[in-house]
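Okay, here's what each chain looks like letter by letter:
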Amino acid sequence: ARPGGGGAGGGVSVGEGAARAVLIPDTNSRIPVVIEERRASAIVAGDNSGRPRLTFIGPDSRIELGDRVVTSGHGGALPAGLPVGVVSEIEDQVIRVQPFVRFDRLEFVRIADFSGLIEAALAPPDPHIGIP
């Protein structure tokens, strides 16, 4: 992914004329993710640094530098497969992720409502669709 070509966060609240998004580095940010190649589940937890921590990793998961991190789709807030970043540091049992988004250069964000998409995917098929 190119710099700036990934998810910036989740957990959006919307009011009249304003919106609040929780960005990945924010202490309140918790995003369910998957280490793409290894299919290991984890949580990217913001800690107000430029490189959030990877937490709640399965005990048998092998994580390596450069592993790509994407959203898992668990929890229903974000669909699976959105790029988040890459594993950039493994030191003293702390694993950090370098987000694809460069927050120091972030000027605009696009807020997408995936809730309807997820609800539609979980809903039973409509028996009337496709009947002439």
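Coordinates for the structure precede this section.
Residues numbered from 1 in each chain as written. Predicted model: local features only at pLDDT ≥ 70, side-chain atom pairs only at ≥ 80, totals over all residues. Heavy atoms only, no water.

**Student:** Would you mind going over the pairing of strand β3 (residues 30–35) with me for this structure?
**Tutor:** The side chains of a regular strand alternate between both faces of the sheet. The pairing of β3 with strand β4 (residues 40–45) spans six bridges and is antiparallel. Looking across to β4, one finds that Val34 is bridged to Ser41. Here β3 folds back onto β4 in antiparallel fashion, the turn holding four residues, of which Arg39 has a positive phi close to 60°. As judged from the three bridges shared by β3 and strand β6 (residues 68–71), these two strands associate in the antiparallel manner. Within β6, the residue paired with Ile35 across the bridge is Val69. (Pairing = 2+ DSSP bridges. Helix = DSSP H or I, 4+ residues; strand = E, 2+ residues; numbered from the N terminus.)

**Student:** Can you walk me through the nonpolar core in this structure?
**Tutor:** For soluble globular proteins, the rule of thumb is that nonpolar side chains tend to be buried together. Counting residues in hydrophobic clusters, the biggest one holds 14 residues, and the most contacted among them are Val33, Ile35, Val44, Leu54, Ile63, Val69 and Val87. Looking at this core, the elements with two or more residues in it are β3, β4, β7 (83–91) and β8 (94–99). With sequence-adjacent residues up to four places away left out, Val87 is seen in contact with Leu54, Ile63, Glu64, Leu65, Gly66, Asp67, Val69, Ile95, Arg96 and Val97. (Core = buried A, V, L, I, M, F, W, Y, C linked by side-chain atoms within 4.5 Å. Buried < 20%, exposed > 50% of the residue type's maximum accessible area, 1.4 Å probe, protein only. Contact = heavy atoms within 4.5 Å.)

**Student:** Even after reading the chapter, I still don't get the sheet that holds strand β5 (residues 53–55), so can you show me in this structure?
**Tutor:** The strands making up a sheet associate through backbone hydrogen bonding, with each pair oriented either parallel or antiparallel. Spatially, six strands are ordered β3-β4-β5-β8-β7-β6 in a closed barrel, and the strand pairing comes out antiparallel. For this sheet, the mean angle separating the axes of adjacent strands, direction not counted, is 45°. As defined by bridge partners, β7 adjoins β8 across six bridges and the pair is classed as antiparallel. Residue pairing across strands places Ile90 opposite Ile95, the latter belonging to β8. (Axes fitted to C-alpha atoms, helices over the stretch in contact; angles between N-to-C directions.)

Any functional reading would require information beyond the geometric quantities listed.
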